[in-house]
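# Reading the structure
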Amino acid sequence: MSHPAFLDSDDPAIYTLRTTAPGPAGKLPLTAQLLRNATSGHIFGMTQNAGMGWDPKKLRGKEFLILSTQGGIRAPDGTPVALGYHTGHWEVGLLMEEAARVLAAHGATPFAGYVSDPCDGRSNGTAAMFDSLPFRNDAAIVFRRLIRSLPTCRGVVGVATCDKGLPAMMMALAGTKHLPSVLVPGGVTLKAEESEDTAKVQTLAARFAQDEITLEQASLMGCRACGSAGGGCQFLGTAATSQVVGEALGLSLPHSALSPSGAPIWRDMARRSALALMAMEEKGTKLADILTDDSIYNAMIVHAAFGGSTNLVLHVPAIAHAAELKRPGVEDWARINRLVPRLVDVLPNGPTHYTTMQVFLAGGVPEVMLHLRELGLLRLGARTVTGQSLGENLAWWEKSERRTRLRTKLRELDGVDPDTVIFSPERARATGLASTVSFLRGNLAPDGALVKSTAIDASLLDADGVFFHEGPARVFGSEDAAIKAIKSQGADALRQGEIVVLMGIGPSGGMPETYQITSALKYLRKMKGVVLLTDGRFSGVSTGPCIGHISPEAWAGGPLGKLRDGDVLRVRIDTRKLEGSVDFVPPAGREASAEFSTRPPSEKLVADPNVPADTELWAALQSVSGGSWGGCVYDVALIKKRLTQKS
């Protein structure tokens, strides 16, 4: 009988063995007082530190933890040994290394831990999307457990980049507010020369199905899109927006967000962040001193000025909840978005569609904040990880050599005027930039809905900045069914004028994002202006009249789940007043409420068998805790109360 060759090895070196070894040289720097008062865990921790090779003489240094979302295995020359899930976590280990070397050089003892994160781009259109948003909560829990599992930890450097890992890191740091912490955003990837950006290449399949590109074009564009090996995407999606928000919260050093992955300026940011952490620890500054209601407010202001991803409506309340602060609600978001003009021209919002790297060179977050300061919109007394207030940081930035040289560099490299990337309020008004998010009501969304109004094509708006459409519903109970119709050229193809209704993918359905659909609606010529209504959420790079977070969701009995093909629907979005409505138009002589009261749920509202039990548990816990408008968090007090009531 033959056996597989891998049952054993033919390498004789495997039998070179020993059962004992000398152990580390030297001795632990123990004192009698330490032995009398320290825990066994503290002493054994020092033993293991020496066992891992740390110089025993240096084991009394302050211990700091560096956490990251690193993924993959890189060889020393950067080539892949095993791939990561995405470019965003591929190089962040280099940032950890820079921070660790600085800590060690100052006599501290650095530790490192990892919780790798998934890629929403890789997950789109697959059942993996059902793990995307729940992962954020899981990762935040694990990060916090790792922090608490190093009981001698004096402070934390958090390194993260992308859609769920970075919000999870911010939630973890916020929930460990008794320690000093500094957030190091993992940066962005460069746009490849002579290539489509990483948003547009996600539509290759849909465009090929509609004969808009050739197989050769798809193959070339799909290969070339990433101009560098690391960093988050080149557009202001959820990854880049989360970096912007982290800096606006005061958790990162000024001009940290959107730094080019792998570049010297990116590595330098990690080194300076380690210095900032040690300074915070020395002064006794804790994250509770940084994360306040004022910093949450500033982050929402900056989000609106950038035209950021609507997913931050989920993440900012979650960060506030972790910090035991008031969670901003729909009315808070609506008020701030009405107040703040959009000042940044960046993918996907336009009008010129600069990349995130170009926004970084134009001045990034602090440059936008200078304009917001002049408008009187910021709370300048908010403290930051620099040890200074936000106002003091901006005073430095305004006169800094860094600002002058990088803005000049943008002109030299790309021939771009930085003031056409980050607008003054006057220029923004003259250009007619729509503000960021509109919050809608109506008989289909009695508890609210939202749309990224800044990303609706201006040609679809009337002279007053209003988008209006009335048309028949085309109802889908799954993303697969909807994308099949979008790709089809047959009788089942989606047609101009129809309003796509995608039901059953709110929080109770796992709340996957729907970029596979929204990107196709944007980039397919025949789909321009097609409206999408869903109780789910969108990728941060989604554009067009796509209305999400419709509440109550279909699985909670919301009206959306009772729609049928051919129902007449009406959508109105005022992109200047940032308001509007999404309504079912009942048959003549009928009231919408009466119509819905007699209708059963749509036969297309069917539970997806691919939703894992882990996600069902997440859905139940977040529902008790305030749902999507509350940030999809776990509110322990409310959950315990509900369990007590049930028992």
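In this text, all values refer to a predicted model and were calculated from it rather than measured experimentally.

As a further point, take the packing of aromatic side chains. As enumerated under the stated definition, the model contains three aromatic pairs in all. Measuring from centroid to centroid gives 4.9 Å for Phe 584 and Phe 596, while their planes differ by 45°, and the two rings are tilted. Taken as a pair, Phe 584 in strand β14 (residues 579-585) and Phe 596 in helix α22 (residues 592-598) lie far apart in primary sequence, twelve residues in all. One exposure class covers both Phe 584 and Phe 596, and it is buried. Above the face of the Tyr 297 ring, Arg 379 is positioned so that its terminal group lies 3.7 Å from the ring centre.

Our next topic: the state of the cysteines. Per the counting criterion, the structure on display carries zero disulfides. Left without a disulfide partner, Cys 119 is nearest to the cysteine sulfur of Cys 233, which lies 6.7 Å away. Cys 226 forms no disulfide, and the closest cysteine sulfur to it belongs to Cys 233, at a distance of 7.1 Å. The class of Cys 226 is partly exposed, set by a relative accessible area of 43%.

Turning our attention to the environment of Ile 486. Mapping Ile 486 onto the fold places it in helix α20 (residues 479-487). Assessed through its relative accessible area of 1%, Ile 486 is described here as buried. Distance from Ile 486 to Ala 209, taken between C-alpha atoms, is 9.1 Å for residues 277 residues apart in sequence. Each residue touching Ile 486, except ones within four places of it in the same chain, is listed here: Gln 210, Leu 494, Ile 517, Ala 520, Leu 521, Leu 524 and Met 527.

What follows covers the pattern of salt bridges. By the definition in use, this model includes 32 salt bridges. A salt bridge links Arg 271 to Glu 98, with the nearest nitrogen and oxygen atoms 3.0 Å apart. Remark: Glu 98 occurs in helix α3 (residues 92-105) and Arg 271 occurs in helix α10 (residues 264-283); sequence separation between them is 173 residues. Judged by its relative accessible area of 30%, Arg 271 is partly exposed. Look at Glu 98 and you get buried, because its relative accessible area is 14%. Glu 513 is the partner of Arg 537 in a salt bridge, and the nearest nitrogen-oxygen pair spans 3.6 Å. Here Arg 537 is found in the loop between β11 (531-534) and β12 (546-551), whereas its partner Glu 513 is found in the loop between β10 (499-502) and α21 (515-523), with 24 residues between them in sequence.

Cis geometry marks the peptide bond from Leu 347 to Pro 348; its omega dihedral reads 5°. Along the polypeptide, Pro 348 turns up in the loop between α14 (330-339) and α15 (356-361). For Glu 324, which is not a glycine, the phi torsion comes out positive at approximately 60°. Mapped onto the elements, Glu 324 comes out in the loop between α13 (312-322) and α14. For Glu 324, a relative accessible area of 64% translates into the label exposed. Notably, His 353 is not glycine yet its phi reads approximately 70°, a positive angle. Summarising the element assignment, His 353 is placed in the loop between α14 and α15.

The next point concerns the side chain of His 315. Within the element layout of this structure, His 315 appears in helix α13. Taking relative accessible area as the criterion, His 315 reaches 0% and is therefore assigned buried. When near neighbours in sequence (up to four residues on either side) are disregarded, His 315 contacts Leu 133, Arg 136, Asp 163, Lys 164, Pro 167 and Thr 238.

The next thing to look at is the nonpolar core. Formed by 114 residues in total, the largest nonpolar core has its most connected members in Leu 249, Leu 258, Val 302, Phe 306 and Leu 372. In terms of residue count, helix α12 (residues 293-306) provides more of this core than any other element does, nine residues in total. In this structure, Leu 533, Leu 560, Leu 569 and Ala 592 belong to the second largest nonpolar core, which totals 27 residues.

Basis of the calculations
- Per chain, the residues get numbers from 1 upward, laid out in the order the sequence is written.
- Local features in this predicted model are restricted to residues of pLDDT 70 or higher, and side-chain atom pairs are both shown and tallied only at a pLDDT of 80 or more, whereas totals for entire chains, interfaces and linings draw on every residue.
- The basis for every side-chain value is the complete set of non-hydrogen atoms in the structure, without hydrogens or water.
- Whether two aromatic rings pair depends on their centres lying within 6.5 Å, for rings of Phe, Tyr and Trp, where Trp uses its six-membered ring; planes under 30 degrees apart make the pair stacked, over 60 edge-to-face, and the rest tilted.
- Runs of E in the DSSP output that reach at least two residues are strands. Runs of H or I that reach at least four are helices, and both are numbered from the N terminus.
- Relative accessible area decides the class of each residue, using a 1.4 Å probe on protein chains only: under 20% of the type maximum gives buried, over 50% gives exposed, and in between gives partly exposed.
- We count a charge as sitting over a ring when the NZ of a lysine or the CZ of an arginine lies within 6 Å of the ring centre and within 35 degrees of the ring normal.
- We call a pair of cysteine sulfur atoms a disulfide whenever their separation is within 2.5 Å.
- In this description, contact between two residues means that some pair of their heavy atoms is separated by no more than 4.5 Å.
- Any carboxyl oxygen of Asp or Glu within 4 Å of a side-chain nitrogen of Lys or Arg constitutes a salt bridge here.
- Nine residue types can take part in a nonpolar core, namely buried Ala, Val, Leu, Ile, Met, Phe, Trp, Tyr and Cys, and a core is a set of them joined through side-chain atoms within 4.5 Å.

Shape is all these values report; function is a separate question.
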